[in-house]
Amino acid sequence: MNLKHRARKLKSDIPAVFIALRKKETPVIAKIFAGITIGYALSPIDFIPDFIPVIGLLDDLILLPIFISITIKFIPPQIFDQCRIEAENLWGNGKPKKWYFAIPIILVWIALIFLIIK
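Residues numbered from 1 in each chain as written. Predicted model: local features only at pLDDT ≥ 70, side-chain atom pairs only at ≥ 80, totals over all residues. Heavy atoms only, no water.

Undergrad: Which residues make up the overall build of the protein, and what values go with them?
TA: The number of helices and strands found in the protein is 5 helices and 0 strands. Listed N to C, the secondary structure of the protein is α-α-α-α-α in terms of helices and strands. The proportion of buried residues among the 118 residues of the protein is 28%. Expressed as a percentage of contacts within the protein between residues at least 6 apart in sequence, the contacts between residues at least 24 apart total 73%. Counting every atom, the protein has about 8,200 Å² of accessible surface; 70% of that belongs to carbon and sulfur. (Helix = DSSP H or I, 4+ residues; strand = E, 2+ residues; numbered from the N terminus. Buried < 20%, exposed > 50% of the residue type's maximum accessible area, 1.4 Å probe, protein only. Contact = heavy atoms within 4.5 Å. Areas by Shrake-Rupley, 256 points an atom, 1.4 Å probe, with all protein chains shown as cover.)

Put into structure tokens, the structure is as follows:
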């Protein structure tokens, strides 16, 4: 599987995970991981800010695929296949950015700063 194919698959899996999060058939553990994944994907703030050269972009290339693959492992295949079908062209204009998804990341940074200062 080449890099372009993986990127397209990743782009379609994020909305599918979002739809799976809302389905009642999705197991609770999958919903927890889906919430983390969607929160990180839609957050305008990253754990490592993008303005830091190379490392800032690598977190999106490494963390997001890891979150998605872990989440997909907990979702039953028939449910996730249905979610992929429903997710086609859901975010055709790009993913929405929601500022309230940044709250957990901001809290992690505040906790780290507090621990460093203390």
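Undergrad: Tell me about the nonpolar core, residues and numbers included.
TA: Formed by 20 residues in total, the largest nonpolar core has its most connected members in Ile 14, Leu 64, Ile 75 and Cys 83. Among the elements that line this core, the one with the most residues is helix H2 (residues 28-42), at 6 residues. Once residues within four sequence positions are removed from consideration, Leu 64 is found in contact with Ile 14, Thr 37, Tyr 40, Ala 41 and Asp 59. (Core = buried A, V, L, I, M, F, W, Y, C linked by side-chain atoms within 4.5 Å.)

Undergrad: Summarise the pattern of salt bridges; cite the residues concerned and give the values.
TA: Between side chains of opposite charge, pairing is possible as soon as their charged atoms come close. For the coordinates displayed, the defined rule picks out 2 salt bridges. In this structure, Arg 84 and Asp 13 form a salt bridge, with 2.9 Å as the shortest nitrogen-oxygen distance. Taken together, the residues span a long stretch of sequence, with Arg 84 in helix H4 (residues 77-87) and Asp 13 in helix H1 (residues 3-22) at a distance of 71 residues. Look at Arg 84 and you get partly exposed, because its relative accessible area is 28%. Residue Glu 86 pairs with Lys 23 through a salt bridge whose shortest N-O separation is 3.1 Å. Taken together, the residues Glu 86 in helix H4 and Lys 23 in the loop between H1 and H2 connect sequence positions 63 residues apart. (Salt bridge = Lys/Arg side-chain N within 4 Å of Asp/Glu carboxyl O.)

Undergrad: Residues and numbers for the packing of aromatic side chains, please.
TA: Summed over the entire model, instances satisfying the criterion amount to 1 aromatic pair. Ring plane angle 5° and centroid distance 5.1 Å describe the contact between Phe 33 and Phe 74, whose orientation is recorded as stacked. With Phe 33 in helix H2 and Phe 74 in helix H3 (residues 55-74), the pair connects residues that are 41 residues apart, well separated along the chain. Residue class for Phe 33 comes out partly exposed when judged on its relative accessible area of 26%. (Phe/Tyr/Trp six-rings, centres within 6.5 Å; stacked < 30°, edge-to-face > 60°.)

Note that all results are geometric; they support no functional claim without further evidence.
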